[in-house]
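Chain by chain, the residues run as shown.
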Amino acid sequence: KSHNVKVHSISGMTSNDLIAHIKRMIRKSPGVVLVHVDSNDLTENVITMQKIKKIVAAIREVDKEEKTNISFSSINERNDVDLEKDFNLINEKSRIACGGKGFYFIDNSNIDKSCLSWDKFHLNRKGTAYLANNFKKYVSNI
């Protein structure tokens, strides 16, 4: 309640789609941008770490004075394709990259396969509640 939070959730968006969207948001000078890049890129055989670097570059292109705190949320498991090793590798690389660049990293490892809906990749109510709680904990600690 003490934060002015706006959520933009666009299903099926890849990191390339996200860049233009984030640039528009950054021009409004938010204090924090929390980026939850999920696993859509993984199913398209895109190297997600390169995409994360592009997202950061796009944010810094608009936010040259680095007034906006950038946070990345770990990607969630999905059960429709076998990507478990990719999730772990990308999340670990993201955690390390965030620490090295002064970005925040939100760990969603409490979201497991029991948090997935019937389609095996979108979150069910339990998963959505866990994700929201992870974000709330992060925002309240800023």
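Residues numbered from 1 in each chain as written. Predicted model: local features only at pLDDT ≥ 70, side-chain atom pairs only at ≥ 80, totals over all residues. Heavy atoms only, no water.

Engineer: Just give me the short version of the overall build of the chain, but keep the residues and values in it.
Structural biologist: Secondary structure summary: the chain contains five helices and three strands in total. Nonlocal contacts in the chain, meaning residues at least 24 apart in sequence, comprise 69% of its contacts between residues at least 6 apart. Of the roughly 9100 Å² of accessible surface on the chain, a fraction of 50% belongs to carbon and sulfur atoms. (Helix = DSSP H or I, 4+ residues; strand = E, 2+ residues; numbered from the N terminus. Contact = heavy atoms within 4.5 Å. Areas by Shrake-Rupley, 256 points an atom, 1.4 Å probe, with all protein chains shown as cover.)

Engineer: How would you summarise the nonpolar core if you had to cite specific residues and measurements?
Structural biologist: Counting 17 residues, the largest nonpolar core has L18, I22, V35, I55, I59, F72 and F103 as the members making the most contacts within it. Every element with two or more residues in this core is listed here: α1 (15-26), β1 (32-35), α3 (48-62) and β2 (69-73). Sequence-distant contacts of I59, that is, excluding residues within four places in its chain, are made with I22, I26 and I70. (Core = buried A, V, L, I, M, F, W, Y, C linked by side-chain atoms within 4.5 Å. Buried < 20%, exposed > 50% of the residue type's maximum accessible area, 1.4 Å probe, protein only.)

Engineer: Outline helix α5 (residues 125-140), supporting the account with residue identities and numerical values.
Structural biologist: For α5, built from 16 residues, the straight-helix expectation of 22 Å at 1.5 Å per residue is met to within 8% by its first-to-last C-alpha distance of 22 Å. Burial in α5 covers these residues: G127, L131, N134 and Y138. Projected onto a plane normal to the axis of α5, the buried residues spread over an arc of 60° and lie on a single side. Projecting away from the buried face of α5 at angles above 90 degrees are the exposed residues R125, K136 and S140. Capping the start of α5, N124 holds a side-chain oxygen 3.1 Å from the backbone nitrogen of K126, two or three residues further along. (Expected span 1.5 Å × (residues − 1). Arc of directions from axis to C-beta. Polar contact = N/O pair within 3.5 Å; in protein donor to acceptor, adjacent residues only side chain to side chain.)

Engineer: Can you lay out the side chain of S71 for me, pointing to particular residues and giving the numbers?
Structural biologist: Summarising the element assignment, S71 is placed in strand β2. By relative accessible area, which is 0% here, S71 ends up buried. A polar contact of 2.2 Å, which involves the side chain of S71, links it to the side chain of Y138.

Engineer: Describe the layout of surface pockets, listing the residues and the values that go with them.
Structural biologist: When its volume is computed, the second largest pocket comes out at roughly 190 Å³. By residue number, the principal contributor to the lining of the second largest pocket is helix α4 (residues 84-101), which donates five residues. Of the residues belonging to the lining of the second largest pocket, the class tally is four nonpolar, six polar and four charged. (1 Å grid on protein atoms, 1.4 Å probe; cavity = no way out; pocket = protein on both sides within 12 Å on 5 of 7 lines; lining within 4 Å. Points joined across faces, edges and corners; volume = space filled by probe spheres on them. Nonpolar A, V, L, I, M, F, W, Y, C, P; charged D, E, K, R; others polar.)

Engineer: Residues and numbers for the pairing of β2, please.
Structural biologist: Counting buried positions over the five residues of β2 gives four, a clear majority of the element. Where β1 meets β2, four bridges bridge the pair, whose relative direction is parallel. Bridge pairing links V33 to I70 in β2. (Pairing = 2+ DSSP bridges.)

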